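The lines below spell out each chain.
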2 protein chains.
Amino acid sequence: MNTMNELTLNSPLDMHLHLRDEEMLKLVTPLTAETFAGAVIMPNLVPPVDSLRALEEYRYRITEAQGDHVFNPYMTAFFRNYTEDELADLKYEMLGIKLYPAGATTNSEAGVKAIDAVEPTFKMMEEMGIPLMVHGETHGFVMDREKEFLESYEYLAKKFPKLQITMEHITTADAVELLGRYENLRATVTLQHLIITLDDVAGGMLNPHLFCKPIAKRPEDREALLQAALDAHPSLMFGSDSAPHPLSKKECCGCAAGVFTAPLAIARLAQLFDAHGKLGNLQAFISDNAQRLYRITPPEKKVVVRKQAFEVPAAYQGHGQHVVPMHAGEILDWAVTSVS
Amino acid sequence: MNTMNELTLNSPLDMHLHLRDEEMLKLVTPLTAETFAGAVIMPNLVPPVDSLRALEEYRYRITEAQGDHVFNPYMTAFFRNYTEDELADLKYEMLGIKLYPAGATTNSEAGVKAIDAVEPTFKMMEEMGIPLMVHGETHGFVMDREKEFLESYEYLAKKFPKLQITMEHITTADAVELLGRYENLRATVTLQHLIITLDDVAGGMLNPHLFCKPIAKRPEDREALLQAALDAHPSLMFGSDSAPHPLSKKECCGCAAGVFTAPLAIARLAQLFDAHGKLGNLQAFISDNAQRLYRITPPEKKVVVRKQAFEVPAAYQGHGQHVVPMHAGEILDWAVTSVS
């Protein structure tokens, strides 16, 4: 029963997640597996996950770490020029291929050119029905990188009309505007980009724990992202981009990018949707849209969130790791109260 | 003799400087006094310098700390509603009064309203010929704060046409554009805002040592500031805003704002002006404009800069303090080679 103070979510999904490896993986995997029915696992390890064997081994380490939780890791491969045989092998073991456009430079024309060189792989992915997930930023000025990349998305969406393309972790009103203009273009958005702007990162003291890539943008960008999420825009999915870094890499000279939100994401999203009177749209945002867009059926999992105080831990520790989450030490208004 | 590889600067001035107090003051004062003939000393101590006695005592501590260097600290008082008697006492002991518009809020209309309440003091300052120095930012979105404040500058410049107003540490093309539109409006600009953009603070790793307020803006802003400096815009003066923080306040969770440039500012400016073929304009930017605009005659000091390698120290230490400068550990192409 869904009252105003309680909501049962069916099989919540995190469509963009970093689990890292080794001891960090052991710490953070259960923190997602506890409340999510599945998550799309990013392949940017060192070296990257770009072979069937590496992917299977990584999945094994994840399932070992998740313990008894009902949880499906949707694996991804790191983009490179794959052969048709490689793609055929990978296809049934993964959800899609993640592209970091390292070749893209300050102007989007060059970005598209860099994409040209790998079009044979895109063509095969299109024909074989393998989705493409893209970190869409140029190497331009930090506030313009996503906007400059949008024409590359359009180029791809038009040139490969059957290729399913996900704009990962969008951060701008311009990206929201593009969403829905092409049948084959969808997006994920993080928790933090629905809540913060550059002000929260650098408007007062510099806050390394809210520093992420793409960087949080302007108030009007946050507003557009939030509105699309609250309205359960049919092409938008929740993807936390939760990215743990050891404390030593955050509170230091030259801090690494990434916000750790996995353990509190569902509670905080419930609070956010409730605050805007849109609780009824959370199910679509956090699971149904992704199920429809990727044609996946996650394991059954009922997650009850209730309007009650939840103190976010100051840190999550274990396996020699120490990770500071978003909202560390703060009290949220909503809590996950049961999972079955 | 000024050749292409050498320049003699007459009495360089830093028109915006933080010396702090106590042990930090003892460390950093000689680092400015060594190469500058004078500097405008910011009054934002705790408690602020807002009385004749506090000002005279602070000047005494500075002159004690500067050692044998020929150096004149141009004192400032922290803005509040002063009486006419107080202003008469202060006038000959200081260069001007520094306003931090704490009452200004997100919209500039409110900013102007906050300014309304203190207009009697402005009126007296205008009549007595006491300059006003302003930290011109609203409390709006971090990238818009200076631009939003510009209409307050215009309001003041028009309402008090004989009040000499300095827009401190400008960071935007919009502020440059305003410069010169009013006879009584001038500005300072820092070294770092001629060199960096937000990209250098948060485009790669987060760099706390380049985090300052106002925050570095967009490439087109830096370009406009640099062009005005290189052209020795008659209303623009060098003011380093050099602001030392102990290392513990910089490489930490929630980093303080301020870039420490004092000991390398002259060498780095020479390198910058030389790189653009504008060495001949450095004298105006670093001293002559300020002398004319403030009608001051600093002590005689000849500072020779030469095109030769200068390794910036990784840190400046002493008196129990440890401060990391801009360009720490880097090699500059120009060096101060003699002072007389």
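Refer to the structure printed above.
Since the structure is predicted, the reported quantities are computational estimates derived from the model, not experimental observations.

Caption draft 1: Spatial organisation of the nonpolar core. Among the nonpolar cores identified, the biggest contains 202 residues, and L269(A), A270(A) and A270(B) are the most heavily contacted of them. For L269(A), the contacting residues outside a window of four places in its chain are L191(A), F238(A), L282(A) and I286(A).

Caption draft 2: The environment of L225(B), seen in detail. Take L225(B): it is sitting in helix α10 (residues 219-230). Spatially, the C-alpha atoms of L225(B) and T171(B) are 7.1 Å apart, while their sequence positions differ by 54 residues.

Caption draft 3: Seen up close, the sheet that holds strand β1 (residues 6-10) of chain A. Residue and element names in this part refer to chain A. Strand order in this open sheet of 3 strands is β1-β10-β15, and the pairing throughout is antiparallel. Of all strands in the sheet, those with a lone pairing partner are β1 and β15 (335-339), marking the two edges. Neighbour-to-neighbour, the strand axes of the sheet open up by a mean angle of 30°, direction not taken into account. In the sheet, β1 pairs with strand β10 (residues 302-306) via 5 bridges, with the strands oriented antiparallel. Residue pairing across strands places E6 opposite R306, the latter belonging to β10. Seen against the sheet, helix α11 (residues 265-275) touches β1, β10 and β15 and runs at an angle of roughly 55° to β10.

Caption draft 4: A look at the packing of helix α3 (residues 84-91) of chain A against helix α5 (residues 119-128) of chain A. Residues and elements named next belong to chain A. Where α3 meets α5, the axes come as close as 11 Å, and the angle between the chain directions of the two elements is 40°. Between α3 and α5, the angle is such that the two are oblique. For the element pair α3 and α5, the recorded crossing hand is right-handed. Taken together, the residues of α5 that come into contact with α3 (itself represented by E84, L87 and K91) are M124, M125 and M128. The class makeup of the residues in the contact of α3 with α5 is 4 nonpolar, no polar and 2 charged.

About the thresholds
- Residues numbered from 1 in each chain as written.
- Chains lettered and ligands numbered in written order.
- Predicted model: local features only at pLDDT ≥ 70, side-chain atom pairs only at ≥ 80, totals over all residues.
- Core = buried A, V, L, I, M, F, W, Y, C linked by C-beta atoms within 7 Å.
- Buried ≥ 20, exposed ≤ 12 C-beta atoms within 10 Å, placed from the backbone.
- Contact = placed C-beta atoms within 7 Å.
- Helix = DSSP H or I, 4+ residues; strand = E, 2+ residues; numbered from the N terminus.
- Pairing = 2+ DSSP bridges.
- Axes fitted to C-alpha atoms, helices over the stretch in contact; angles between N-to-C directions.
- Parallel < 35°, antiparallel > 145°, perpendicular 65-115°, else oblique.
- Left-handed = near helix turned anticlockwise from the far one by under 90°.
- Nonpolar A, V, L, I, M, F, W, Y, C, P; charged D, E, K, R; others polar.

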